[in-house]
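The lines below spell out each chain.
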Amino acid sequence: MRALNLRSLLVAVVVSGAPALAVAQNPTSQQAQQMLQSNPALLQQLRQRIMTSGMTPDQVRARLREAGYPENLLDAYMNGGGSPDSTANQGDVLNAVQQLGIVDSTQVDLLRCGLNPDSLMYVDTLFNGGRGGVMDTTSGSLGSLSSLRPRGTNFSGGVQGQDAYMSDSVRNSRQRQALARACKARADSLHRPEVIAQAQRDSGFTIFGLDFFRRSTTLFNPNVAGPVDANYRLGPGDQLVLVLTGDVEASYQLDVTRQGFIVVPQVGQISVNGLTLSQLNDVLYDRLGRVYSGVRRGADATTHFSVTPAKLRSNMVFVVGDVMAPGAYQVSASGTLLSALYAAGGPTDNGSLRDLQVRRGGKLIANMDFYDYLINGDASHDIRLETGDIVFVPVHLARVRIVGEVVRPATYEIKPTETLADALRFSGGFKATASRQRVQVERIVPPAERKPGRDRVTTDIVSDAFLTGTGPAVPVQPGDVIRVFPVATRVRNRVTVRGNVNMPGTIGLTPGMTVAGALKLAGGIKPDTYLGEVLITRLNPDSTRQQLRATLRDSSGAVVNDFPLHEDDNLTVYSVTDFRPVRYVAINGAVRRSGQFPYREGMTIRDLVLEAGGLEQSALLNEARIARLPDDRSGTVTAREFTVPLDSSYLFERGPNGQYAGPPGLPASAGPTPDVQLKPYDNVLILRQPGWELQRTVTVAGEVRFPGKYTLLNKNEHISDVLKRAGGLTPEGYANGVTFYRHSNSIGRIGIELPDVLKDPKSRDNLLLVDGDSLYIPRFNAVVRVQGEVNSPVAVTYSPGKDLNYYIRAAGGATRKADVDHAYVTQPNGKVDAESQRFLIPDYVPKPKPGSVVYVPVNDGSGGPSVLTMLGSLTGVASSLLAVIALLRTH
């Protein structure tokens, strides 16, 4: 049945205004990549469409650059690109070929689904319950969509009657939905465990020989400028160079005319049409000898000549049949069958490689088996073409697929007289890992022999011929899958030695090998080996395991109760260290690296201080404290603490004169004091010198006489003390505008009343200073800034005695969104004042000082009750009081 092109088949669906496939049901880019890689026929279909698009590779790359894609995105799919990169995004590939106009949107959707855009789809498959199938015209394989249908899915709902194939009249929505369901079923099928397992198990989908024509190389192009062999036949359009040397020195460029002759000066016209180069040499000896007496054969010749082609003519040949790009081609006159076939992109997946034909004048003049060239290097049948020749590639012969442990797993074309032995020879023969006991053939039963449910059978072939690397002359049939299995993965005749030996691993088992012998071959045991027991695990014939043991006499590896080993025995040698608990000592306090350190026998406090990176500058060098596990754990005692002496020798950093160059501290013992040995789990505490710290500094800036960074002289210095050391404020200094920051503990700015501090050092705002504090005294600033929800946020000139409301009015008043009741003032010294209500006396309204900021917040609806709400509540309370009074009067 002739294949139907889905391009015309689905045009009507696209024109009807709805997509051919539901986008939401299309596979993802990862699924599309998996389908293209697992289905070489689809990958080849995409490659064929790119190659037959009419664009050269350079044009394709230029178009990709213009569209914003990497210019090498489609190199793998063009002639000679090799295998596509598995890391490339196949979604980008499909989008790119659509944007270049190579395929349309419908065909891209089908490729995403893993369906061939040129497939023959039976409508009863899509619309009548999935009973039919999809015939892939490029691979010849029939795949039933019903086998892809998930449980509960139905493709029914379509066309009845004579319109059995989809055509331009297929427009209704039910058909589009059926296509979408088919696409989704294809995507879902990729995730089935049985499909994944089959893909991992199978190989050999590549058609042997086709990749020869898919690689890009100029070395296969025929010569256009010579040289050529002596059998090359001359004809019109060729250009020759004749060189004379000896008595006569001359060279001539000679063109072969349309009439088939050349004209040699002083010699005349010579007919060369159809002559080979060797025949032309004979003619020239005769014709040149008539003019030049020195031209003759033999050693006494005084004039010599040579003739070579300088330019070869072109022949018009036709390449037709199942080729990638059929048509007419100009090839060099030295071109052969393979030259023309290579120019046409080689055979398609349907084309034959075993019966390449050359027809001339309506007659078959040559056949070539391309396998002779690929496998044996025999190009004797690759004949030279002439103008008008036709290279014809018929449909391929029977194909078989060879998978498994062969050199070249692939799909091979088989002639009717060839057998299993030939197929194995084509594949390069067995690998070293091949099991040659049997070869399995999965075969499609011939139609005449099929029974219901028996379409495929499996046959195991056993032959001694496999042992010699060949195979028996068993006939093969179209569609056969030949499987060559690997040898067993289990390694026999060995034992395994693990654990505390010098060379653990597997050891070959020899007759009579004992435990001691195996340990010796494993390099012997290590000195810290546990001698009490070596465990031997033995595998019984029923797959159960038996535990055996041996005792070592000493560290030489001698075994007290030695016995023979069996195949697959596992020996485990243990180390005493494996059973030893992790023992440590700990140190903390005035050291550089506090923590736990591994305990070693004989370890002292000095060793532990070295491990901890030495002492800090604040360390107290008189004594240290050790907390040790008690000998008696009765009661609630968990540790016993005692002090040990230290001295200045624990200060490891010293100058050239041996003196410690660190900061001064409390006196230490002159030493050296005796080292104290530690015990496991001791916890050492290095004490710090009481009150030890480095200098503390504060910063004083702005309008003071001597700004700078001051060091605190004692721990009781206050703000007034440092300002006095800084010379006090300048005449321009504005005490109310002081900015005081405390950086310790991320406190930030603190509001203080500096004028009070300057007047009275006992003021509560005269804070005790700490390291990192900063004071800034600004100049007088006679403005008040108004910000927030006011109509004109501006800076207003300071007016003495005016309150917050004055400045709000000066800024244009509050906006409709303002919350005036919660307006506040940030005074220049950092303190914040807000309006407060007072009972029986006027409310407190803050008065901004020069340099302050008035801020009116936005009313977010979370404020107090409105005036109307308050009036309603007061009315209710008053009514209740009147009722109570009236009730009391009645009594």
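Residues numbered from 1 in each chain as written. Predicted model: local features only at pLDDT ≥ 70, side-chain atom pairs only at ≥ 80, totals over all residues. Heavy atoms only, no water.

Caption draft 1: Main features of the overall build of the protein chain. A count of helical and extended segments in the protein chain gives 22 helices and 38 strands. Within the span of the protein chain, comprising 891 residues, buried residues form 39% of the whole. Pairs at least 24 residues apart make up 62% of the contacts formed inside the protein chain by residues separated by at least 6 positions. Surface exposure of the protein chain reaches about 47600 Å², of which carbon and sulfur atoms provide 52%. (Helix = DSSP H or I, 4+ residues; strand = E, 2+ residues; numbered from the N terminus. Buried < 20%, exposed > 50% of the residue type's maximum accessible area, 1.4 Å probe, protein only. Contact = heavy atoms within 4.5 Å. Areas by Shrake-Rupley, 256 points an atom, 1.4 Å probe, with all protein chains shown as cover.)

Caption draft 2: A look at the pattern of salt bridges. Considering all chains together, one arrives at 32 salt bridges under this definition. One salt bridge in this structure joins aspartate 422 and arginine 425, with 3.5 Å as the shortest N-O distance. One end of the pair is aspartate 422 and the other is arginine 425, both in helix α15 (residues 420-426) and three residues apart, which spans about a single turn. The shortest N-O distance in the salt bridge between arginine 606 and aspartate 675 comes to 3.3 Å. Placement of arginine 606 in helix α18 (residues 605-611) and of aspartate 675 in the loop between β27 (640-645) and β28 (683-688) is noted, with a sequence separation of 69 residues between them. When salt bridges that share partners are traced, they join Arg354, Asp369, Lys415 and Glu418 into one network. (Salt bridge = Lys/Arg side-chain N within 4 Å of Asp/Glu carboxyl O.)

Caption draft 3: Main features of the packing of aromatic side chains. With the rule as written, the count across this model stands at 18 aromatic pairs. Here phenylalanine 212 and phenylalanine 213 contribute two aromatic rings whose centre-to-centre distance is 5.1 Å and whose plane-to-plane angle is 80 degrees, an arrangement assigned as edge-to-face. You can call phenylalanine 212 buried: its relative accessible area is 18%. For the pair phenylalanine 213 and tyrosine 342, a centre-to-centre distance of 6.4 Å together with 40 degrees between the ring planes defines the contact as tilted. Of this pair, phenylalanine 213 sits in helix α11 (residues 211-214) while tyrosine 342 sits in helix α13 (residues 337-343), and the two are 129 residues apart along the sequence. Like tyrosine 342, phenylalanine 213 is buried. Lying over the aromatic face of tyrosine 285, arginine 297 brings its terminal NZ or CZ to 4.1 Å of the ring centre. Over the face of the ring belonging to tyrosine 806 we find lysine 802, whose NZ or CZ atom lies 5.4 Å from the ring centre. (Phe/Tyr/Trp six-rings, centres within 6.5 Å; stacked < 30°, edge-to-face > 60°. Lys NZ or Arg CZ within 6 Å of the ring centre and 35° of its normal.)

Caption draft 4: Region of interest: unusual backbone geometry. We note that asparagine 493 has phi near 60 degrees; this positive angle belongs to a residue other than glycine. Residue placement: asparagine 493 occurs in the loop between β18 (481-486) and β19 (494-499).

Caption draft 5: How the structure looks around the pairing of strand β30 (residues 708-711). Relative to β30, strand β29 (residues 697-702) is paired through four bridges, and the arrangement is antiparallel. The residue of β30 that forms the bridge with valine 698 is tyrosine 710. Between β29 and β30, which pair antiparallel one after the other, the connecting turn spans five residues. (Pairing = 2+ DSSP bridges.)

Caption draft 6: Structural detail: the nonpolar core. By size, the foremost hydrophobic cluster in this structure holds 45 residues, and its most contacted members are Val319, Leu356, Phe370, Tyr412 and Ile482. When near neighbours in sequence (up to four residues on either side) are disregarded, valine 319 contacts Pro326, Gly327, Tyr329, Ala340, Leu341, Ala344 and Val391. (Core = buried A, V, L, I, M, F, W, Y, C linked by side-chain atoms within 4.5 Å.)

Caption draft 7: Fine view of the sheet that holds strand β12 (residues 363-368). Reading across the sheet, the five strands line up as β10-β9-β13-β11-β12 and stay open at both edges, with mixed pairing between neighbours. Across the chains shown, the open sheet's two edge strands, defined by having one partner strand only, are β10 (327-332) and β12. Adjacent strand axes in the sheet meet at a mean angle of 30 degrees when their direction is disregarded. Note: strand β11 (residues 356-360) against β12, five bridges, orientation antiparallel. Looking at the pairing, glutamine 357 lines up with asparagine 367 of β12. (Axes fitted to C-alpha atoms, helices over the stretch in contact; angles between N-to-C directions.)

Caption draft 8: Summary view of the sheet that holds strand β25 (residues 595-598). Spatial strand order, β25-β24-β28-β26-β27: five strands in an open sheet with mixed pairing. The two strands at the open ends of the sheet, each matched to only one other strand, are β25 and β27. Averaged over all pairs of adjacent strands, the angle between strand axes in this sheet comes to 25 degrees, irrespective of strand direction. Bridging between strand β24 (residues 584-589) and β28 involves four bridges; their strand directions are parallel. Its bridge partner being in β28, isoleucine 587 is matched across the sheet by valine 684.

Caption draft 9: Just helix α12 (residues 277-291), in detail. Its 15 residues place the ends of α12 21 Å apart at the C-alpha level, agreeing with the 21 Å of an ideal helix rising 1.5 Å per residue. Listed as buried for α12 are Leu277, Leu280, Leu284, Arg287 and Leu288. Those residues of α12 that are buried lie in contact with β4 (239-246), β6 (261-264), β7 (268-271) and β8 (303-311). (Expected span 1.5 Å × (residues − 1).)

Caption draft 10: Spatial organisation of the side chain of serine 352. If you trace the backbone, serine 352 turns up in the loop between α13 and β11. A polar contact is formed between the side chain of serine 352 and the backbone nitrogen of arginine 354, at a distance of 3.1 Å. Residue contacts for serine 352: discarding those within four places in its chain leaves Pro347, Val393, Pro394, Val395, His396, Leu397 and Glu413. (Polar contact = N/O pair within 3.5 Å; in protein donor to acceptor, adjacent residues only side chain to side chain.)

Caption draft 11: Quick look at a nonpolar patch on the surface. A surface patch of nonpolar side chains, about 270 Å² in accessible area, is lined by Met316, Phe318, Val320 and Ile390. The element contributing the most residues to the nonpolar patch is strand β9 (residues 314-321), with three residues. On the secondary structure map, valine 320 appears in strand β9. Look at valine 320 and you get partly exposed, because its relative accessible area is 32%. (Patch = residues over 30% accessible without salt bridge, like charges linked within 9 Å, V, L, I, M, F, W, Y side chains within 5 Å.)

Caption draft 12: Just the environment of glycine 429, in detail. Here glycine 429 lies in the loop between α15 and β16 (434-444). When the C-alpha atoms of glycine 429 and proline 409 are compared, they prove to be 9.9 Å apart, with 20 residues separating the residues in sequence. Those residues in contact with glycine 429 that lie beyond four places of it in its chain are Val406, Val407 and Leu424.

Caption draft 13: Geometry of the confidence of the model for the protein chain. Taken as a whole, the protein chain shows an average pLDDT of 81; of its residues, 75% reach a score of 70 or greater. Considering only residues more than four positions removed or in separate chains, one finds that residues 1-27, a stretch of pLDDT under 50, has 73 contacts. This stretch, residues 118-172, has a pLDDT under 50; its non-local contacts, to residues over four places away or in other chains, come to 139 contacts. (pLDDT = per-residue confidence, 0-100.)

Caption draft 14: A look at the pairing of β29. Examined bridge by bridge, β29 and strand β33 (residues 774-777) share four bridges and lie parallel to one another. When the sheet's bridge partners are listed, threonine 699 is paired in β33 with serine 774.

Caption draft 15: Quick look at the side chain of aspartate 773. Position of aspartate 773 relative to the elements: it lies in the loop between α20 (754-759) and β33. A residue is classified by how much of its surface remains accessible, and aspartate 773, at 1% relative accessible area, is buried. Within polar-contact distance, the side chain of aspartate 773 engages the side chain of arginine 742 at 2.7 Å. Residues in contact with aspartate 773, not counting those within four places in the same chain, are Thr697, Val698, Thr699, Phe740, Tyr741, Arg742, His743 and Leu768.

Caption draft 16: Representation of the environment of methionine 55. Position of methionine 55 relative to the elements: it lies in the loop between α4 (40-51) and α5 (57-66). Relative accessible area serves as the criterion here: at 19%, methionine 55 is assigned to the buried category. Ignoring any residue separated from it by four or fewer positions in sequence, one finds methionine 55 in contact with Val60, Arg63, Leu100 and Ile102.

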